[in-house]
Amino acid sequence: MATYFTEPSRTFSEYLLVPGYSSCECTPANVSLKTPIVKFRKGEEEPSLTMNIPMVSAIMQSVSGERMACALAREGGISFIYGSQSVENEAAMVRRVKATKAGFVRSDSNLSPDATLADVLAKKEETGHSTMAITEDGSAEGKLLGILTSRDYRVSRMDPNTKVTAFMTPYEKLICGRDGCSLSQANDLIWEYKLNQLPIVDEEQHLKAFVFRKDYDSHKEHPNELLDGDKRYVVGAGINTRDYEQRVPALVEAGADVLCIDSSEGFSEWQAITLKWIRDRYGDSVKVGAGNVVDAEGFRFLAEAGADFIKIGIGGGSICITREQKGIGRGQATATIEVARARDEYYKETGIYIPICSDGGIVHDYHITLALAMGADFVMLGRYFSRFEESPTKKVTVNGTYMKEYWGEGSARARNWQRYDMGGANKLSFVEGVDSYVPYAGALKDNVDLTLSKIKHTMCNCGALTIEELQQKAKITLVSSTSIVEGGAHDVVVKDNTLDAKVK
Ligand code: IMP
């Protein structure tokens, strides 16, 4: 007879936290959000990889590119570069993140010399950048011919067909830093020549990066920055259970700090085979997460197969239609609670603590706090990060509003059939995800700061200064549908929509 879970499967919105005692020590400034990402013998050793905030970005084409990876590492979290691209392209992305030293920014807005003022304006609209590099082939690493800033042109007075070469600052007149210089050397040039940006070039005049005056200042404002021993950003990468023999060595060689098997359903022999191959070849030196699972049995299977962390969630993603298409999945809160229990039992038995990640279904910031209180060590977010300037998609205008595109890995657009692989032919016979728009929300840092501030305040309300303390002390209650109504502004006419605005 089938197994029945008698408790209904619940989502985060069905729960709230009940405050606990908070002492005078319990201030948001005293809260640490440091969290482990790979398994360790708790009490005997420190985890070999931790994050400073409990957030990772989803392994998705529309979320985790190299720009997102640098921006998130700067704030203390990790991006997992998407694996639904060729091995070479994914490894190259990882390599570029590792080559981005903190404060050195890869040029994202580049044009070739035959571009016109109209192209400049279009690029500015697309990327939001006012500084552009003119390179021989229009690429980010081409031979630098000049740079353009908005001070170099007057839209009202110039013909849109004017070639950029007519109004750019040509290379000969630029002050450039030499590839390999340190951030403080770059900053000395910025100060000496009163520059707003310094292009960094190699001996063949190829563009390597920019150092921006504002970024140098803000570099000092990133106390959570997540760097490896060589002061490079920490970055993760997605792998699949098909081409791991090629993909894993390429990503390891490119410098990925942690890998994750990206699959919609992880309770499978394919994952065990992949994990075994990695362990046989690299021992424990390569860190790899696995998933997704939604119950204790799935957790135990991946724990025993050797996963460094385990990801939870089937069907809860904002772009996901797996539950509708296949009728599998589980409410994200219920899945997190059950897997956390299984993880604690496993720890009691073995002394090994395996971090767990709640993946998908985070709608409100407080859902993150709930996931942590329920036992997750960190959360993976797709929709949340897709809205930011740093996501790899274009900013578009829909009905007069700025939007970003966000599509599922199981959509016809992404064609990530490996994620839904059940063996057999290499193709998706039906989709499990949709293609969508999300409202553009600006810079990652501003949004993450606000989210973390809310998490820290709630943790203080619960009397917790660390995530571990929150997990031990949290009092969690189910809510009724009428109490949800009571929880929002109600029976008043709200004057404005600035509820989420930062208090100035
Ligand atoms: P979100 O944060 O709610 O948008 O969920 C993101 C998560 O949804 C990802 O980390 C994946 O686990 C999952 N996901 C990504 N693409 C798809 C899809 O096409 N179908 C189902 N789930 C998906």
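What you see is a predicted model, and the numbers here were worked out from it, not measured in a lab.

Calculation notes
Residues numbered from 1 in each chain as written. Predicted model: local features only at pLDDT ≥ 70, side-chain atom pairs only at ≥ 80, totals over all residues. Heavy atoms only, no water. Pairing = 2+ DSSP bridges. Helix = DSSP H or I, 4+ residues; strand = E, 2+ residues; numbered from the N terminus. Axes fitted to C-alpha atoms, helices over the stretch in contact; angles between N-to-C directions. Near = heavy atom within 4 Å. Polar contact = N/O pair within 3.5 Å; in protein donor to acceptor, adjacent residues only side chain to side chain. Areas by Shrake-Rupley, 256 points an atom, 1.4 Å probe, with all protein chains shown as cover. Nonpolar A, V, L, I, M, F, W, Y, C, P; charged D, E, K, R; others polar. UniProt positions renumbered as here; feature names shortened; annotations may be inferred. Core = buried A, V, L, I, M, F, W, Y, C linked by side-chain atoms within 4.5 Å. Buried < 20%, exposed > 50% of the residue type's maximum accessible area, 1.4 Å probe, protein only. Contact = heavy atoms within 4.5 Å.

### A short note on the sheet that holds strand 21 (residues 395-398)
No. 1: Pairing within the open sheet is antiparallel, and its three strands lie in the order 21-22-23. Looking at strand neighbours, the two that pair on one side only are strand 21 and strand 23 (435-439), the edges of this open sheet. In this sheet, adjacent strand axes meet at a mean angle of 50° when their direction is disregarded.
No. 2: Pairing analysis gives four bridges linking strand 21 to strand 22 (residues 401-407), with the strands arranged antiparallel. Considered in strand 22, the bridge of Val 396 is made with Met 403.

### With respect to unusual backbone geometry
No. 1: For the bond running from Gly 291 to Asn 292, omega is 0°, close enough to zero to count as cis.
No. 2: You can see Asn 292 is positioned in strand 16 (residues 288-293).
No. 3: Phi is positive for Arg 415, close to 55°, though the residue is something other than glycine.
No. 4: Secondary-structure assignment places Arg 415 in the loop between strand 22 and strand 23.

### Focus: the site of the ligand
No. 1: Taken together, 24 residues surround the ligand, and among them Ser 318, Asp 359, Tyr 406, Gly 410 and Glu 432 come closest.
No. 2: At 2.5 Å from an oxygen atom of the ligand is found a side-chain nitrogen or oxygen belonging to Asp 359.
No. 3: Tyr 420 is positioned such that a nitrogen or oxygen atom in its side chain is 3.1 Å from a nitrogen atom of the ligand.
No. 4: Across the complex, the protein chains shield 96% of the 500 Å² of accessible surface that the ligand would expose by itself.
No. 5: Here the residues of the shell around the ligand are counted per class, giving eight nonpolar, 11 polar and five charged.

### Examining the UniProt feature "domain: CBS" (unreviewed entry) in the protein
No. 1: Within this structure's numbering, the places UniProt gives as "domain: CBS" (unreviewed entry) are residues 104-164 and 168-226.
No. 2: Secondary structure over residues 104-164 splits into 18% helix and 18% strand, and the C-alpha atoms at its two ends are 25 Å apart.

### Quick notes on the nonpolar core
A general tendency of soluble globular proteins is for nonpolar side chains to be buried together.
No. 1: Residues Ile 37, Met 55, Val 56, Ile 78, Phe 80 and Phe 385 are the most contacted members of the largest nonpolar core, which totals 56 residues.
No. 2: Per-element tally for this core: the top contributor is helix 13 (residues 444-461), with six residues.
No. 3: Setting aside chain neighbours within four positions, we find Ile 37 in contact with Leu 49, Thr 50, Met 51, Val 56, Ile 78, Phe 80, Asp 308, Phe 309, Pro 355 and Phe 378.
No. 4: If you look at the next biggest cluster of nonpolar residues, it comprises 48 residues, including Ala 69, Ala 91, Tyr 244 and Trp 277.

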